[in-house]
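# Structural overview for review
One letter stands for each residue in the lines below.
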Amino acid sequence: MSTAQFTQEDAKKAAAVAALSELPEAGVIGLGTGSTIRPFVDEIGKLVAQGRKLVGVPTSEATRKQAIALGIPLLSDDGPWDILVCFDGADEVDAEKNLIKGGGAAHTREKIVNYAAKKNVIVVDESKLSRRLGEKWPVPIEVLAFAHLATARLLEAHGVPTMRRKDGVPVKTDSGNYVYDLKVGEIADPAALERVLGAVPGVVEVGLFVGRADVVVIAGATGVRRL
Ligand code: 5RP
């Protein structure tokens, strides 16, 4: 395929196929959420159908639905799990492999599964790379519905919060909470920002993942590389 014809969809598919090399022979794997991980989960479905003994922990209802349709066995949501490798996407990745996640409103479950995994593989196309987190994306923050306007007011001390809406209707996470996208600009210290935002009452989880990626698989028109 010529590079002129290579689309972002092609990059996502190429990254997903390349990430298969990080799969354990058998055992429990975390299944992330989003359009980059979707073709990866399709590949897992094919391997399971061929008899590979892989069991998933899904990070969203969308991924659960896809995995069930493909016949991938899943563990209960209750945990704890012994996850060998978790595979997930990201919205923004810096050179230290720190991430912004939550574009699909799934970052709370994704973070729980990420922390339960021995190894985390992040799969992206090269449009997700940035010099500094915050350059391209606001920070998604899952917020309790109770007093969310009060929580948003506290978030104003750190940036410009906007309630996420789809077709005019507030987006709700799989756990029934709201999402605020906090525009902060370039983030000098992602770990400090994660701590400070996480301490705001009403914040359920912050979409900053600091030091939580072991491998980043990046696909672009010129091929696949790893960070
Ligand atoms: C969902 C996420 C996704 O991993 C992130 O939004 C990337 O999605 P996509 O692969 O569709 O670009 O964090 O909450």
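For the structure given in this document, a descriptive report is provided here. (Residues numbered from 1 in each chain as written. Predicted model: local features only at pLDDT ≥ 70, side-chain atom pairs only at ≥ 80, totals over all residues. Heavy atoms only, no water.)

### Here's the deal with the overall build of the protein
Spelled out, the test is: Comment: elements are numbered from the N terminus, with helices defined as DSSP H or I runs of at least four residues and strands as E runs of at least two. In this setup the radius of gyration rests on C-alpha atoms only. A globule is expected at 2.2 Å times the number of residues raised to 0.38. Only protein chains enter the accessibility calculation, which uses a 1.4 Å probe; a residue whose area is less than 20% of its type maximum is buried, one above 50% is exposed, and one in between is partly exposed. Working rule for contacts: check all heavy atoms of both residues, and any pair within 4.5 Å makes them a contact. For every accessible area listed, the method is Shrake-Rupley and the probe measures 1.4 Å; residues are considered covered only by the protein chains on display.
When its secondary structure is counted, the protein shows six helices and 15 strands. Scaling as 2.2 N^0.38, a compact globule of 227 residues should have a C-alpha radius of gyration of about 17 Å, and the protein matches this with 17 Å. By its C-alpha atoms, the protein is 50 × 40 × 35 Å across when sized along the principal axes. Scored against the burial criterion, the 227 residues of the protein give a buried share of 49%. Look at the contacts in the protein between residues 6 or more apart in sequence, and 75% of them connect residues 24 or more apart. Surface exposure of the protein reaches about 10500 Å², of which carbon and sulfur atoms provide 55%.

### Here we look at the sheet that holds strand S12 (residues 203–206)
Definition in use: Only when DSSP finds a minimum of two bridges between them are two strands counted as paired. Helix axes are fitted to C-alpha atoms over the stretch in contact, other axes to C-alpha atoms as well, and angles between N-to-C directions run from 0 to 180 degrees.
Strand order in the open sheet formed by four strands is S8-S11-S7-S12, with antiparallel pairing between adjacent strands. Because the sheet does not close on itself, it has two edges, and the strands there are strand S8 (160–163) and S12. Each neighbouring strand pair of the sheet contributes to a mean axis angle of 30 degrees, computed without reference to strand direction. One ladder, built from four bridges, connects S8 with strand S11 (residues 178–183); its direction is antiparallel. Residue pairing in the sheet places Pro-161 in a bridge with Leu-182 of S11. Contacts from helix H4 (residues 107–116) reach strand S7 (139–143) and S12 within the one sheet, and its direction differs from that of S12 by about 65 degrees.

### Here's the deal with the packing of aromatic side chains
We describe a pair of aromatic rings using the distance from one ring centre to the other and the angle between the two ring planes. The condition that has to hold: Pairing of aromatic side chains here covers Phe, Tyr and the six-membered ring of Trp, requires ring centres within 6.5 Å, and sorts the geometry by plane angle: under 30 degrees stacked, over 60 edge-to-face, intermediate tilted. By definition here, charges over rings are those cases where NZ of Lys or CZ of Arg is within 6 Å of the ring centre and within 35 degrees of the ring normal.
For the coordinates displayed, the defined rule picks out one aromatic pair. Between Lys-111 and the ring centre of Phe-209, over which it is positioned, the NZ or CZ distance is 5.2 Å. Geometry around Tyr-115 places Arg-212 over its ring, the cationic atom sitting 3.9 Å from the centre.

### Some points on the side chain of Asp-91
In plain terms, the rule: Counting rule for charge: Lys and Arg are taken as positive, Asp and Glu as negative, and neither His nor the chain ends is counted. The term salt bridge refers to a pairing of a side-chain nitrogen on Lys or Arg with a carboxyl oxygen on Asp or Glu at a separation within 4 Å. In protein, a polar contact means a hydrogen-donor-capable atom and an acceptor-capable atom, both N or O and within 3.5 Å, with residues adjacent in sequence counting only if both atoms are side-chain atoms; elsewhere, any N or O pair within 3.5 Å suffices.
Turning to its location among the elements, Asp-91 is positioned in the loop between strand S3 (83–88) and strand S4 (92–93). One buried charged residue, Asp-91, forms no salt bridge at all, with the nearest opposite charge on Lys-128 at 5.1 Å. Within the structure, Asp-91 has its side chain in polar contact with the backbone nitrogen of Gly-103 (distance 2.8 Å). Beyond its immediate chain neighbours, meaning those up to four positions away, Asp-91 contacts Ile-100, Lys-101, Gly-102, Gly-103, Lys-128 and Trp-137.

### A look at the nonpolar core
Put simply, the test is: Think of a nonpolar core as a cluster: buried Ala, Val, Leu, Ile, Met, Phe, Trp, Tyr and Cys residues, connected wherever their side-chain atoms sit within 4.5 Å.
Within the largest apolar cluster, 24 residues are counted, with the highest numbers of intra-cluster contacts made by Leu-23, Ile-29, Phe-40, Ile-44, Ile-72, Phe-87 and Val-121. Contributing elements (two or more residues each) for this core: helix H1 (8–19), strand S1 (27–31), helix H2 (37–49), S3, strand S6 (117–125) and strand S14 (215–220). When residues of this core are assigned to their parent elements, the largest contribution, six residues, is made by H2. Leu-133, Val-139, Val-143 and Leu-197 belong to the second-largest nonpolar core, a separate cluster that totals 18 residues.

### Regarding the site of the ligand
Condition: If a single non-hydrogen atom of a residue is within 4 Å of a molecule or strand, that residue counts as near it. Only protein atoms enter the 1 Å grid, on which a cavity is a set of points fitting a 1.4 Å probe that cannot get out and a pocket is an open set with protein on both sides within 12 Å along at least 5 of 7 lines, lining residues being those with an atom within 4 Å of a point. Criterion for pocket placement: a molecule counts as inside a cavity or pocket if more than half of its atoms are within 2 Å of its grid points. For this classification, the nonpolar set comprises Ala, Val, Leu, Ile, Met, Phe, Trp, Tyr, Cys and Pro, the charged set comprises Asp, Glu, Lys and Arg, and every other residue, Gly included, is treated as polar.
With respect to spatial proximity, 18 residues lie near the ligand, and among them Ser-35, Thr-36, Asp-91, Gly-102 and Lys-128 are the closest. Within the complex, the protein chains bury 91% of what would otherwise be the 380 Å² of accessible surface of the ligand. With respect to the detected pockets, the ligand is housed in the largest pocket. When its residues are assigned to classes, the shell around the ligand shows three nonpolar, nine polar and six charged.

### With respect to the sheet that holds S1
Spatially, six strands are ordered S2-S1-S3-S6-S14-S15 in an open sheet, and the strand pairing comes out mixed. One side of each edge strand has no neighbouring strand; the edge strands of this open sheet are strand S2 (54–58) and strand S15 (223–226). Recorded for the sheet is a direction-independent mean angle of 20 degrees between the axes of neighbouring strands. Across three bridges, S1 lies against S3 in parallel orientation. Within S3, the position partnered with Gly-30 by the bridge is Cys-86. Along the sheet, H1 makes contact with S3, S6, S14 and S15, crossing S6 at roughly 155 degrees.

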